[in-house]
Amino acid sequence: MTKYNSIMVLGAGQMGAGIAQVAAQAGIKVKLNDLKEEFVNKGLATIKSNLQRSVSKGRMDSSEAEEVLSRVRPSMALDDAADVDLVIEAIVENLDIKANVFQQLDQICPPKVVFASNTSSLPITQLAGFTNRPDKFIGMHFMNPVPVMKLVEVIRGLATSDAVAESIVELSKVMGKVPVTVNDYPGFVANRVLMPMINEAIYAVFEGVGTPEAVDEIMRLGANHPMGPLALADLIGLDTCLAIMNVLHDGFGDSKYRPCPLLKQYVQAGWMGKKTKKGFYNYE
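Residues numbered from 1 in each chain as written. Predicted model: local features only at pLDDT ≥ 70, side-chain atom pairs only at ≥ 80, totals over all residues. Heavy atoms only, no water.

### Observations regarding the pattern of salt bridges
- Applying the stated criterion across every chain yields a total of nine salt bridges.
- Between R133 and D106 there is a salt bridge whose closest N-O contact spans 2.8 Å. Note that R133 is positioned in the loop between α5 (124–128) and β6 (137–142) and D106 in helix α4 (residues 95–108), a separation of 27 residues in sequence. Both residues of the pair, R133 and D106, count as buried.
- In this structure, D135 and K136 form a salt bridge, with 3.3 Å as the shortest nitrogen-oxygen distance.
- Overall, the relative accessible area of 30% leaves D135 in the partly exposed class.
- Taken together, the shared-partner salt bridges in this structure form one network comprising E89, E93 and K98. (Salt bridge = Lys/Arg side-chain N within 4 Å of Asp/Glu carboxyl O. Helix = DSSP H or I, 4+ residues; strand = E, 2+ residues; numbered from the N terminus. Buried < 20%, exposed > 50% of the residue type's maximum accessible area, 1.4 Å probe, protein only.)

### Here we look at the UniProt feature "binding site: NAD(+)" (unreviewed entry) in the protein chain
- In this numbering, the UniProt entry assigns the feature "binding site: NAD(+)" (unreviewed entry) to G11, A12, G13, Q14, M15, G16, D34, E93, K98, S120, N144 and K275.
- By the secondary structure assignment, M15 is in helix α1 (residues 14–25).
- Locating K275 in the fold gives a position in the segment after α11 (261–268).
- For K275, the side chain forms a polar contact with the side chain of D239, separated by 2.9 Å. (UniProt positions renumbered as here; feature names shortened; annotations may be inferred. Polar contact = N/O pair within 3.5 Å; in protein donor to acceptor, adjacent residues only side chain to side chain.)

### Remarks on helix α9 (residues 229–236)
- Among the eight residues that make up α9, six are buried, leaving the element largely enclosed by the rest of the structure.
- What α9 keeps buried is the set P229, L230, A231, L232, A233 and D234.
- In the core, the buried residues of α9 are packed alongside α7 (190–206), α8 (212–223) and α10 (238–252). (Contact = heavy atoms within 4.5 Å.)

### What about the UniProt feature "site: Important for catalytic activity" (unreviewed entry) in the protein chain?
- In this structure's numbering, the residues bearing the UniProt feature "site: Important for catalytic activity" (unreviewed entry) are H141.
- With respect to the element layout, H141 can be found in strand β6.
- Leave out the neighbours within four places in its chain, and H141 touches S117, N118, T119, S120, L151, V152, E153, I155, F188, A190 and N191.
- Polar side-chain contacts of H141 include one of 2.8 Å to the side chain of E153.

### Some words on the packing of aromatic side chains
- Applying the stated criterion across every chain yields a total of seven aromatic pairs.
- A ring pair is formed by Y203 and F206, whose centres lie 6.2 Å apart and whose planes are at 70°; its orientation type is edge-to-face. One end of the pair is Y203 and the other is F206, both in helix α7 and three residues apart, which spans about a single turn.
- Residue classification places Y203 among the buried positions, given a relative accessible area of 11%.
- Every member of this aromatic cluster is reached through a ring pair, and the members are F102, F115 and F137. (Phe/Tyr/Trp six-rings, centres within 6.5 Å; stacked < 30°, edge-to-face > 60°.)

Quick look at the structure:
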């Protein structure tokens, strides 16, 4: 059981839609919020398509899929968060934009409402500082694709209360996830380990050591990774990889986290990976 019976998920992109889906599958009422109706509709379409795939594979029947979908309501107004128990933010990885949204939510939501951020690297303590409820602020870092990946990194800020941390661990389990609690350092654990590896793989291409195909095949066959680091970077989004490397570089002040110039160049060119149909590979 969880004390969170209604949730607003902010951001109807790949991550937000996935979070809304697993919450709805756990029997929780969800408001899926984004700036425009077309973004919310796209998120709902993603959920519907995922559920239909589960039906076709015999994992659930069609009436169950319809029931899950009926628990997700579209929202285009932050004011809709006034009557939920929890807000999970999954918007763009930009400190100023997140800060602005949390400041607005802090005015809209009653003091008992808990705020969680799906940030992949930004400091939870800093985000919590933009609100008047730092004790009720926590990180819930889901992995992509959310309906498939089991891990939720639960990140405690400096002021996060024990009660909130315990309730979010419990909620993660109710959603069918495996929560692992960590403390608030740049990149937390997942991206502090993963992103420098991806960055180093990009350096190998940049320095002409090997092609993207060669680097990926070596890591798949030699390290038994399910996919190579460059294909994974394309899936995550090269803009997101760059943003995380910048957070690590700024946060630790260590040159080992310096983003590869080739990564910067690809992002400047608009080659963000799978979502723009071009990154280290061509997805046209």
